[in-house]
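Residues per chain are reported as follows:
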Amino acid sequence: MSALSLAVRDSNTMLRRNLLHARRYPSLTLNLLLTPIMLLLLFVYIFGDAMSAGIGGTNRSDYIAYIVPGILLMTIGSTVIGAAVSVSTDMSEGIIARFRTMAIHRGSVIVGHVVGSVLQVLASLVLVGAVAVAIGFRSSGATALEWLAAFGLLALFALALTWIAVGMGMASPNAEAAGNMAMPLILLPLISSAFIPAATMPGWFRPIAEYQPFTPAIETLRGLLLGTEIGHNGWLAIAWCLALTVLGYLWTKSLYARDPAAH
């Protein structure tokens, strides 16, 4: 068996293992998924009319269209926390140390976590998207190509944040610390353009919203789904995704390669 086919076989085995764990213990994923859904319902039904007026809309449906792209990106940030917790659990319980002694491809353990997390994120996006459609979200004439680009952006962003989350999990001493370390992945969307335009924020606060990865990704997704101006946000979103993917990969690789006794 070639090295490539061995890596694919072992990675597929580790992927099945992680998906089986997610199926047997769904409470973590469901708890993380509840955050974006509850925020969506809260902002639409409690603050919808007032927030719609704030963005120049005429009714609640205008704000639904505005908020859904941000909620979808928040769903990614929320769901990948499960990857950080799962990796940290494997590290602290010694199963990864055990895998190191077995005749399996060295990187298959991490690949299984990453691919499994991305698949869980995509499933979460479908569920949150279905809730959004059920409460009135409608795409404003997006073409098939724009829908494909929107899906590609979500998948790329999910991959980037998953690598960061896996690195956080490997760097944390236990699952609780991993969850705490990954909290910025939920908090950053709250200070982005997800709920209100960045231009309406106070001058001292606006740079925080503008110069972070979520805002250009949200604006790009909003433009693809609603036909609004994307401008330079598309390139910024892709650049952020690639940079975070490379950073997360190198960080995870360095942590995984170090002496197990150092963990």
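Residues numbered from 1 in each chain as written. Predicted model: local features only at pLDDT ≥ 70, side-chain atom pairs only at ≥ 80, totals over all residues. Heavy atoms only, no water.

It is worth spelling out the pattern of salt bridges at this point. Here the structure, examined in full by the defined rule, presents one salt bridge. Salt-bridge contacts for Arg222 lead to Glu219; the nearest nitrogen and oxygen are separated by 2.9 Å. One end of the pair, Arg222, and the other, Glu219, are both in helix H12 (residues 214-226), three residues apart, so they sit about a helical turn from each other. For the pair formed by Arg222 and Glu219, the shared burial category is buried. (Salt bridge = Lys/Arg side-chain N within 4 Å of Asp/Glu carboxyl O. Helix = DSSP H or I, 4+ residues; strand = E, 2+ residues; numbered from the N terminus. Buried < 20%, exposed > 50% of the residue type's maximum accessible area, 1.4 Å probe, protein only.)

Another point: the UniProt feature "transmembrane region" (unreviewed entry) in the protein. On the UniProt side, "transmembrane region" (unreviewed entry) is annotated at positions that read residues 25-48, 63-88, 109-135, 147-170, 182-205 and 234-252 here. With 29% helix and 0% strand, residues 182-205 has its two end C-alpha atoms placed 22 Å apart. Summarising residues 234-252: 100% helix, 0% strand, and an end-to-end C-alpha distance of 27 Å. (UniProt positions renumbered as here; feature names shortened; annotations may be inferred.)

This part is about a nonpolar patch on the surface. Taken together, the side chains of Leu19, Val111, Val115 and Leu119 present a nonpolar region at the surface, about 270 Å² in accessible area. Of the residues forming the nonpolar patch, the biggest block, three residues, is contributed by helix H7 (residues 108-134). Its location among the elements puts Val111 in helix H7. (Patch = residues over 30% accessible without salt bridge, like charges linked within 9 Å, V, L, I, M, F, W, Y side chains within 5 Å. Areas by Shrake-Rupley, 256 points an atom, 1.4 Å probe, with all protein chains shown as cover.)

Within the element layout of this structure, Ser88 appears in helix H5 (residues 81-93). Side-chain polar atoms of Ser88 contact the backbone oxygen of Asn174, separated by 2.8 Å. Residues in contact with Ser88, not counting those within four places in the same chain, are Gly169, Ser172, Pro173, Asn174, Ala175 and Ala178. (Polar contact = N/O pair within 3.5 Å; in protein donor to acceptor, adjacent residues only side chain to side chain. Contact = heavy atoms within 4.5 Å.)

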